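# Secondary and tertiary structure notes
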Amino acid sequence: MSELATLARPYAAAVFKRAKETGSSEKWSKALAFLVSILSDSSLSAFINNPKVSNERLSELMLSISEGQIDTEGANFLKLLVQNRRLNLVPHIAKIFEEYKAEDEGYLDVDVYAAYDFSKEGRKVFSAKLEKRLGKKVNMNVTVDKSLIGGVLVRAGDKVIDGSVKGQLQHMQKALQ
Amino acid sequence: MQLNPSEISDLIKKKIEGFDLGAEAHTEGTVVSVTDGIVRIHGLSEAMQGEMLEFPGNTYGMALNLERDSVGAVVLGSYQHISEGDTVKCTGKILEVPVGEALLGRVVDALGKPIDGKGAIETKETSPIEKIAPGVIARQSVSQPVQLGLKSIDAMIPVGRGQRELIIGDRQTGKTAIAVDAIINQKGTGIKCIYVAIGQKRSSIANVVRKLEEHGAMEHTIIVSASASESAALQFIAPYTGCAMGEFFRDRGEDALIIYDDLTKQAWAYRQVSLLLRRPPGREAYPGDVFYLHSRLLERASRINADEVEKLTGGKVKGKTGSLTALPIIETQGGDVSAFVPTNVISITDGQIFLESNLFNSGIRPAVNAGLSVSRVGGAAQTKIIKKLGGGIRLDLAQYRELAAFAQFASDLDESTRKQIERGQRVTELMKQNQYSPMSVAQMAVSLFAANQGFLDAVEVNKVLAFESALQLYMKTEHAALMDKINATGDWNGEIEQGLQTAIETFVKTHSW
């Protein structure tokens, strides 16, 4: 996993640089998302991992599937990945690309898990508080998780802010041991 | 012991009162692989070098390799329950162990947890295991002795408070015996002792503990044990744990003595951890930083001046210097001191006590090789009387070694050579000492004085030890005042010289042995 992220980083950085130069980061973002979705198909991944399939046939197939969804540069990128046999990296490339994009645009993708859904007001207040705490604009993605019992759990990249009842109970369990 | 129920609920209440209800923020990562106690973790972008990491199941680890997308960590303890995908939390703390007076008399593991079944240890403070050694300004030169209680060592290779003196020798040459005698001799001197056992059999550690208890030396001793059955990571951190416990006493203006038994095994454990972390191997497959491994540990043994003690204690302790004396032990293979780890540690320490198996086997115990053993700074710290009397002994033995090869031609040698050989034989005999019977300064002074003044020359070689013990008994019963006086001050003057001379002359005339 960590090795894959390391391998994917130069590709993602190159794509991001190119996207910035041409001002087409949205288009690239969509193209990468499309590639991730087609690669998640199991029959296709079996085909990719089959060593008997030549690079030429694979790139022909990939290009025909994604016809109309990606532009010439996207097609070139796809050919390069096929040539280097790095199609497996696409999900990581997409993830790192999105991180670069978010950082460049000055916002942070934050996953919020809450025991109950937020009201409209509550969501606004909470995101304002998070923005203050994290020092960046946040892009909140709320999931309701009843197992938290109460409170919220915030995940922003590696950082976790655990304000849930479940987390505090676990914390207390350890303190009383 | 009967437990009072209200006590328990009070305790729980207190803990709940002190419980921090604030939202807890930390960094998380995911376990990618677990191999032989080494865990690779994805994420943890904010982890520090040496930081304590929390694994599921109340297990802790230490971050050692910080890479771009992953962290390599060692698990401290068992790792069987950790699997791929587990969550790992940063604690934001460098690995810490409990320190304090409460640890004295206890046996703890490499994380400072008690393993002697005597209940919890009530310590208030903790200290990080890795600390930078005191700086140049904070230090003071070595000027007070640590009496190990062994004639041959205290007379010829003196150790001062704050010194690092290596004990080196093959297996079965009595390295641990010297260390244990040194601990026993610190009874009543105020020097706190820490014995760190690394990679030893549990039975040997139990033996050491039992011997120390028998001689009443456990009260001033902490035993840190990382036995051979514990993970390499614990064996590698155990010396730092012991050092942190010793530094607590040093920084409060007290004196402490720490024994690392032995650093060869620690280097092995570190080599194992390093190779599993895929660090490149160097000479003898040790990693590149094995010198730093030992130098940063031994550099922490030092004597700090009164100003520094005052600063560290916040003005509570004034006018007292603190010291941590280290006696690292290194085991050589077939007497080879030019192997990698022995040369490293020899160059770091302030001298070495060299033990030889052929001396040991010929009955010279402690098997100290007086020619190869040195103390580079201890001379300044030696008690005056021992310094005065010990010089002659060293010279006698040095001359004897040169001439020993001719000893078999005794009848053909000239008078002075024969005398030197005979003196050397008797002094060698006198340097023998039983285990667990350390001697006081006065007792040593009597034996050394007798040798220097030639009282031994008339004694047969195989009667030297009998002569000595009879003399010691006589001095103890008939001249207790003189002995007390020597022990109290350690001074050397005409009055004491005269006292010893007449006492021994009377003994030789009136007693048999």
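All chains use their own residue numbering, which begins from 1 and follows the written sequence. Ligands are numbered from 1 and chains lettered from A, in the order in which they are written. Under the rules for a predicted model, residues below a pLDDT of 70 receive no local features and side-chain atom pairs below 80 are neither given nor counted, while totals for whole chains, interfaces and linings still include all residues.

Once that is clear, we can look at the overall build of chain B. Within chain B, the regular secondary structure consists of 16 helices and 19 strands. The reference for a compact globule is 2.2 Å times residues^0.38; the radius of gyration itself is calculated from the C-alpha atoms. Over its C-alpha atoms chain B spans a radius of gyration of 26 Å, differing by no more than 12% from the 24 Å that the globule rule assigns to 513 residues. Projected onto the principal axes, the alpha-carbon positions of chain B cover approximately 85 × 55 × 45 Å. Here exposure depends only on C-beta density: within 10 Å of a residue's C-beta, 20 or more other C-beta atoms make it buried, 12 or fewer make it exposed, and intermediate numbers make it partly exposed, the C-beta atoms being placed from the backbone. Scored against the burial criterion, the 513 residues of chain B give a buried share of 46%. By sequence separation, contacts in chain B at least 24 residues apart represent 74% of the contacts at least 6 residues apart. Helix and strand definitions here come from DSSP, where helices need a minimum of 4 consecutive H or I residues and strands a minimum of 2 consecutive E residues; each element is numbered from the N-terminal end. By the convention adopted here, residues are in contact when the distance between their C-beta atoms, placed from the backbone, does not exceed 7 Å.

It is worth spelling out unusual backbone geometry at this point. Residues and elements named next belong to chain B. Following D261, the chain continues into D262 via a peptide bond in cis, with omega recorded as -5 degrees. Relative to the assigned elements, D262 resides in the loop between β15 (255–261) and α6 (263–276). A cis geometry characterises the amide bond from R365 onward to P366, with omega recorded as 0 degrees. Phi angles above zero are rare outside glycine, and Q172 is one such case at about 60 degrees. Checked against the element boundaries, Q172 lands in the loop between β12 (166–169) and α3 (175–185). You will see that A285, though not glycine, has its phi angle at about 65 degrees, which is positive. Note that A285 resides in the loop between α6 and α7 (290–298). When the 13 C-beta atoms within 10 Å are taken as the criterion, A285 is described as partly exposed.

The extent of an interface is frequently quoted as the accessible surface area lost upon association of the parts. With 16 residues of chain A in contact, the opposing surface of chain B contributes 21 residues. Elements with a contribution of two residues or more to the side of chain A that touches chain B: α1 (2–22), β4 (159–164) and α8 (165–176) of chain A. With six residues, α8 of chain A is the single largest residue contributor to the side of chain A that touches chain B. Each residue gets one label: Ala, Val, Leu, Ile, Met, Phe, Trp, Tyr, Cys and Pro are nonpolar, Asp, Glu, Lys and Arg are charged, and the others, such as Gly, are polar. Looking at side-chain class alone, the side of chain A that touches chain B contains seven nonpolar, six polar and three charged residues.

What follows concerns the pairing of strand β3 (residues 51–55) of chain B. Residues and elements named next belong to chain B. Counting buried residues in β3 gives four out of five residues, a clear majority hidden from the surface. Relative to strand β6 (residues 87–94), β3 is paired through three bridges, and the arrangement is antiparallel. Residue pairing across strands places L53 opposite C90, the latter belonging to β6. Note: two strands are recorded as paired if DSSP finds a minimum of 2 bridges between them. Where β3 meets strand β4 (residues 59–66), four bridges bridge the pair, whose relative direction is antiparallel. Paired with F55 across the bridge in β4 is T59. Where β3 hands over to β4, the hairpin turn is made up of three residues, of which G57 adopts a positive phi near 80 degrees.

As used throughout, a nonpolar core is a set of buried Ala, Val, Leu, Ile, Met, Phe, Trp, Tyr and Cys residues joined through C-beta atoms within 7 Å of each other. Within the largest apolar cluster, 132 residues are counted, with the highest numbers of intra-cluster contacts made by A179, Y195, V196, A233, I258 and A445 of chain B. Of all the elements, helix α5 (residues 232–250) of chain B adds the most residues to this core, at twelve residues. Each residue touching V196 of chain B, except ones within four places of it in the same chain, is listed here: V224, A238, P239, G242, I258, I259, Y260 and D261 of chain B. Counting 23 residues, the second-largest nonpolar core is a separate cluster that includes L32, L35, L89 and I96 of chain A.

The next point concerns the packing of helix α11 (residues 384–403) of chain B against helix α12 (residues 415–430) of chain B. Residues and elements named next belong to chain B. Only the stretch in contact is used when a helix axis is fitted, and all axes are lines through C-alpha atoms; the angle between N-to-C directions ranges over 0 to 180 degrees. Relative orientation of the contacting elements α11 and α12 amounts to 120 degrees, with a least axis distance of 8 Å. Classified by chirality, the crossing of α12 by α11 is left-handed. For the pair formed by α11 and α12, the contact residues are I393, D396, L397, Q399, Y400 and L403 on the first element and T417, Q420, I421, R423, G424, V427 and T428 on the second. For the contact of α11 with α12, the class distribution of residues is six nonpolar, five polar and two charged. Here is the rule for handedness: rotate from the far helix to the near one, and if that takes an anticlockwise turn smaller than a right angle the crossing is left-handed, while a clockwise turn gives right-handed.

This part covers helix α13 (residues 441–452) of chain B. All names here are of chain B. Between the first and last residue of a helix there are one fewer steps than residues, each counted as 1.5 Å, and that sum is the expected span. An ideal rise of 1.5 Å per residue puts 16 Å on twelve residues; α13 measures up with 16 Å between its terminal C-alpha atoms. Taking burial as the measure, the twelve residues of α13 include twelve buried ones, the bulk of the element. Here α13 has its buried residues at V441, A442, Q443, M444, A445, V446, S447, L448, F449, A450, A451 and N452. Against the buried residues of α13 lie α2 (151–156), α11, α12, α14 (464–478), α15 (480–489) and α16 (494–510). After α13 finishes, the residue G454 shows a positive phi value of roughly 80 degrees.

This part covers helix α4 (residues 202–214) of chain B. Residue and element names in this part refer to chain B. Counted at 1.5 Å a residue, the expected span for α4 with its 13 residues is 18 Å, and the 18 Å between its end C-alpha atoms agrees. Taken together, the buried positions of α4 are I205, V208 and L212. Down the axis of α4, the buried set is contained in an arc of 60 degrees. They therefore lie on one face. Facing away from the buried surface of α4 by more than 90 degrees, the exposed residues are S203, R210 and E214. Contacts from the buried residues of α4 go to α3, β13 (192–198) and β14 (221–226). G216 sits one or two residues past α4 and shows a positive phi near 65 degrees. Read the arc as the range of directions from the helix axis to the C-beta atoms.

A word on the packing of helix α2 (residues 25–39) of chain A against helix α6 (residues 90–105) of chain A. All names here are of chain A. Packing of α2 against α6 brings their axes to within 9 Å, and their N-to-C directions diverge by 155 degrees. Classified by the angle their axes make, α2 and α6 are roughly antiparallel. Considering only the axes of α2 and α6, their crossing is left-handed. Along its contact with α2, which presents S25, S29, L32, A33, L35, V36 and L39, the element α6 presents V90, P91, I93, A94, F97, E98 and K101. Looking at the contact of α2 with α6 residue by residue, the classes come out as ten nonpolar, two polar and two charged. Oblique is the label for every angle not falling under 35 degrees (roughly parallel), over 145 degrees (roughly antiparallel), or within 65 to 115 degrees (roughly perpendicular).

All names here are of chain B. Among the secondary structure elements, H215 is positioned in the loop between α4 and β14. For the pair H215 and F455, spaced 240 residues apart in sequence, the C-alpha to C-alpha distance is 33 Å. Residues within four places of H215 in sequence aside, it is in contact with I184 and Y436.

Residues and elements named next belong to chain B. In terms of residue burial, strand β5 (residues 70–76) counts as a mostly covered element, since seven of its seven residues are buried. Side chains of β5 alternate between two faces, with S70, G72, V74 and L76 and V71, A73 and V75 buried alike. Relative to β5, strand β2 (residues 38–43) is paired through five bridges, and the arrangement is antiparallel. Among the inter-strand pairings, H42 is bridged to a residue of β5, identified as S70. Looking at chain direction, β4 and β5 are connected through six bridges and run antiparallel. Considered in β5, the bridge of G61 is made with V75.

Take the environment of D457 of chain B next. Take D457 of chain B: it is sitting in the loop between α13 and α14. Along the backbone, D457 of chain B and V427 of chain B are 30 residues apart, and their C-alpha atoms lie at a distance of 9.6 Å.

You can read pLDDT as the predictor saying how much it trusts each residue, on a scale of 0 to 100. In this model, chain B carries an average pLDDT of 92, and 96% of its residues clear a pLDDT of 70 or more. Scored as a complex, the prediction yields pTM 0.89 and ipTM 0.78.

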